[in-house]
Amino acid sequence: MSLRRKLRDSKLWILPIYLFLIVFVIFPLVRLFVDSFTTADIQLSALNEVALTTDLLEEKVKAGEMEDALAASHDIALLLDRSIDVVGHMIDALGRATFSQDELIARWQGAQDRVAEEAAVMAELQDDPVAALAQARKSKALVQEIVDLPRRAFSVEFFLDVFRDRLYMKALGNSLLLGLATVATTSVIGFAVAYLLVRYDFPGRKAYNFLATIPIVMPPLVGVLGFIFILGRGGTVNELFYQLADALEKSWPAVSNWLYDRLPFNFIYGWHGLLLVETCHLFPLITLNVVDSLSKIDASLEEAAESVGSVGFKRLFDVTIPLTIPGFVTGALLVFIGAFADFAAPMVVGLTNFIAPLAYMDIQQFTDRHLFKMGITVGAVMVLISVGLLLIAKRYISLKDYTTLSYKAVERKPLRGGKQAWAHVFLILLLLISYTPYLGVGLASFARSWSMSPLPTSWTLAHYEKILLYAPGYIINTFQFCILAVLMCILIGLPVAWVMARTDMRSRGALDILTTLVLALPGTALGIAYIRAFNMPILFSTPLANIWIIIPIVLAVRRLPYTVRSSYGSLLVVHRSMEEAAQSVGAGGLKTFKDVTFPLIWKGLLAGALFSFMTSIQESAATLLLAIPGWETMTVGIFTFYTGGTHGDAAALGFILIVVGVITLFIMDRLTSATTSGGLFG
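Along each chain, the written sequence defines residue order, and numbers are assigned to residues from 1. Two thresholds apply to this predicted model, a pLDDT of at least 70 for residue-level local features and 80 or more for giving and counting side-chain atom pairs, whereas whole-chain, interface and lining totals are computed over all residues. Hydrogens and water are ignored here; the side-chain numbers use all heavy atoms of the structure.

Trainee: Describe the overall build of the protein chain, naming the residues involved and giving the relevant values.
Mentor: When helices and strands are counted, the protein chain shows 31 helices and 4 strands. When the 682 residues of the protein chain are sorted by exposure, 53% land in the buried category. Contact criterion: two residues are considered in contact whenever any of their non-hydrogen atoms come within 4.5 Å of each other. Long-range pairs, those at least 24 residues apart, make up 80% of the contacts in the protein chain with a sequence separation of at least 6. The helix and strand labels rest on DSSP assignments: H or I over at least four residues marks a helix, E over at least two residues marks a strand, and numbering proceeds from the N terminus. When accessible area is computed with a 1.4 Å probe and restricted to protein chains, residues below 20% of their type maximum are described as buried, those above 50% as exposed, and intermediate ones as partly exposed.

See the structure below:
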């Protein structure tokens with residue numbers, strides 16, 4: 001019993017949790033930054049091609065094909081000349097290192113001299129393929145030796161290269177501007193919706209409460225597709241304008257000509273369309289967090305403000321808005337990161353000059369190693385910006401005290417007459433715009449023929465038949481990965497929440513910081529970090545980045561904070577005295593948790609797990625980067641189908657994703673009100 005008690009008190013069960021966080025959170029980020037500050041990957045293809053062409057020369061000489069052998073010999077001489085420049089680039093890169101690399105540079109300079117000698121000799125043997133082959137074998141051995149030379153050195157200069165490139169700086173500025181613009185638009189809309197739902201009572205308020213959260217289930221990738229089907233150049237709205245122009249041609253020819261001259265209207269392609277997509281998807285994040293803060297404001301504070309003449313908008317800006325800062329900052333941070341790190345939506349609307357699309361394209365190509373290195377550095381820059389904003393937000397919140405000595409819920413005021421009508425107009429118009437992508441995706445998924453007409457001219461189930469019967473892997477993989485990710489979130493998130501809420505361990509603060517940090521990590525940057533960290537065999541003969549399990553792991557890491565926060569909030573509600581009473585009659589730690597604690601927190605835990613599932617199925621940034629052939633998810637399938645021109649199949653997958661997300665949100669809403677979720681900063 002003594003040994004058993006010591007093992008229980010030692011809390012060894014937390015070690016696997018720490019190991020998981022170190023391996024799959026800290027290690028990838030460290031690797032990302034190490035790669036960002038090290039020598040750029042100099043393209044050594046010319047050296048490698050010398051070896052390949054030597055093998056070709058040997059084959060041609062053995063076959064007696066002397067003309068082809070002469071051509072191969074000539075190619076080797078050219079490749080050796082090119083290799084001199086390649087080695088020179090490597091020497092220049094090492095010369096920029098922070099710490100002295102004289103010894104390594106000397107080795108590379110010696111290699112450069114030897115390559116130059118080999119090139120000169122090969123140039124003299126162009127008329128004798130047999131003699132050229134003997135020399136080429138020596139050249140092959142030399143280049144293989146050079147390829148194995150160390151070529152990594154540390155320097156801040158390598159990291160700063162991205163800030164010297166005008167293209168990347170313009171893209172970074174565009175992404176920052178998009179993030180700030182999205183925060184501005186979602187703040188106005190989200191706060192207005194939250195204020196109406198919390199402070200006023202009117203018919204349909206509960207329905208609006210749920211409907212206003214639904215846009216969060218649709219990823220921007222699907223949202224932009226839906227908007228294109230309705231608002232695109234050949235979409236429903238422009239086709240209706242064409243029909244209007246036809247109808248006015250006889251009675252109002254001037255108006256008809258004016259419309260024809262300006263059609264089709266560009267509603268979606270460009271900055272304005274991208275901002276519309278991001279706003280419609282992300283404003284519920286502001287609403288959810290501000291609703292929580294508004295609900296906790298003591299009514300007496302606003303009454304006191306009214307008593308000294310602060311009424312209407314003055315009271316709103318003097319008292320109400322400042323007291324919602326914790327929730328608002330949380331929502332604003334999530335909105336900024338969501339818009340800043342999104343790369344699929346900008347690419348679909350034809351805007352690639354943003355930092356996330358550039359990073360994605362740099363990592364996806366394998367021909368230019370310099371661009372690949374720039375993609376890695378861009379990922380590190382995105383992490384720095386996001387984490388920096390997170391720290392600023394937490395610091396700003398900590399500067400003021402938002403607690404109150406008492407709490408009295410604000411009584412909702414009934415809306416009547418014109419004010420009620422305006423509230424309905426605002427909410428209905430907002431929902432109509434936000435639900436436009438749902439309509440577009442739904443129509444396109446059932447359309448057999450949809451061209452030059454406002455609505456499809458014929459209908460079909462062929463898109464769903466193709467997805468469900470011939471390509472079900474996208475759906476099966478998504479559910480399999482997301483369920484595994486949710487299980488990992490529960491197995492890791494619940495113990496982390498327990499340590500934070502129920503123990504005095506010194507690592508509580510570190511766990512809190514780490515799980516909050518994960519919340520700020522852009523999906524694109526995390527995907528790049530995983531590619532760099534797990535592209536080499538470690539425990540297995542195959543690199544982890546090439547095994548399907550990497551996708552549920554990255555999904556679990558991305559969504560872990562939601563499970564941790566929901567579990568932590570539920571544990572805070574359960575008073576310790578209830579657990580102490582069970583332990584006083586002999587119940588052990590596990591039995592106390594099973595019989596007392598878990599029955600009281602399971603709804604909060606499940607709500608967090610469902611939210612993790614709902615957001616995991618729409619993850620696109622990390623999954624597109626880590627996608628493995630045969631193990632693609634629905635978002636990867638949507639992107640692949642759309643870029644491949646099969647828009648109906650992309651719409652069918654998107655509509656299935658939307659339906660699953662809405663059902664999950666509905667279940668979560670029934671378990672615990674989704675519109676009163678606590679702020680993620682606690």
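Trainee: Requested: an account of unusual backbone geometry, with residues and values cited.
Mentor: Here the bond from L263 into P264 is cis, since omega is -5°, no more than 30 degrees from zero. Here P264 lies in the loop between α12 (253-262) and α13 (271-295). The phi angle at M452 is positive, at roughly 60°, despite the residue not being glycine. Note that M452 resides in the loop between β3 (447-449) and β4 (458-459).

Trainee: I'd like to hear about the pattern of salt bridges, residue by residue, with values.
Mentor: Just to be clear on terms, a salt bridge is a Lys or Arg side-chain nitrogen sitting within 4 Å of an Asp or Glu carboxyl oxygen. For the coordinates displayed, the defined rule picks out 16 salt bridges. A salt bridge links R532 to D35; its shortest N-O distance comes to 2.7 Å. On the criterion of sequence distance, the pair formed by R532 in helix α25 (residues 523-533) and D35 in helix α2 (residues 15-36) is long-range, its members being 497 residues apart. Summarising the burial analysis for this pair, R532 and D35 share the class buried. With a shortest N-O distance of 2.8 Å, D649 and K466 are connected by a salt bridge. On the criterion of sequence distance, the pair formed by D649 in helix α31 (residues 647-671) and K466 in helix α22 (residues 462-470) is long-range, its members being 183 residues apart. For K466, a relative accessible area of 32% translates into the label partly exposed. Look at the salt bridges and you will find they share partners, linking R96, E157, D161 and R164 into a network.

Trainee: Explain the packing of helix α21 (residues 436-446) against α31 to me, using residue names and the numbers behind them.
Mentor: A fitted line through C-alpha atoms represents every axis, and for helices the fit uses only the stretch in contact; the resulting angles, taken between N-to-C directions, go from 0 to 180 degrees. Between α21 and α31, whose axes approach to 8 Å, the crossing angle comes to 125°. Here α31 runs oblique to α21, going by the angle between their axes. Here α21 and α31 pass one another in a crossing that is left-handed. Along the contact surface, α21 presents Y438, V441, G442, A444 and S445, while α31 presents G648, A651, A652, G654, F655 and I658. Looking at the contact of α21 with α31 residue by residue, the class counts come to 7 nonpolar, 4 polar and no charged. What sets the label is the angle itself: under 35 degrees gives roughly parallel, over 145 gives roughly antiparallel, 65 to 115 gives roughly perpendicular, and the rest give oblique. Crossings are sorted by hand: turned counterclockwise from the far helix by less than a right angle, the near helix makes the crossing left-handed, and turned clockwise it makes it right-handed. Here the nonpolar group is Ala, Val, Leu, Ile, Met, Phe, Trp, Tyr, Cys and Pro; Asp, Glu, Lys and Arg are the charged ones; every other residue, Gly included, is treated as polar.

Trainee: Run through the environment of L555, naming residues and quoting values.
Mentor: In this fold, L555 is placed in helix α26 (residues 550-573). Linking L555 and C482, residues 73 residues apart in sequence, is a C-alpha distance of 7.1 Å. Apart from the residues within four sequence positions on either side, L555 is in contact with F481, C482, A485, S616, E619 and T623.

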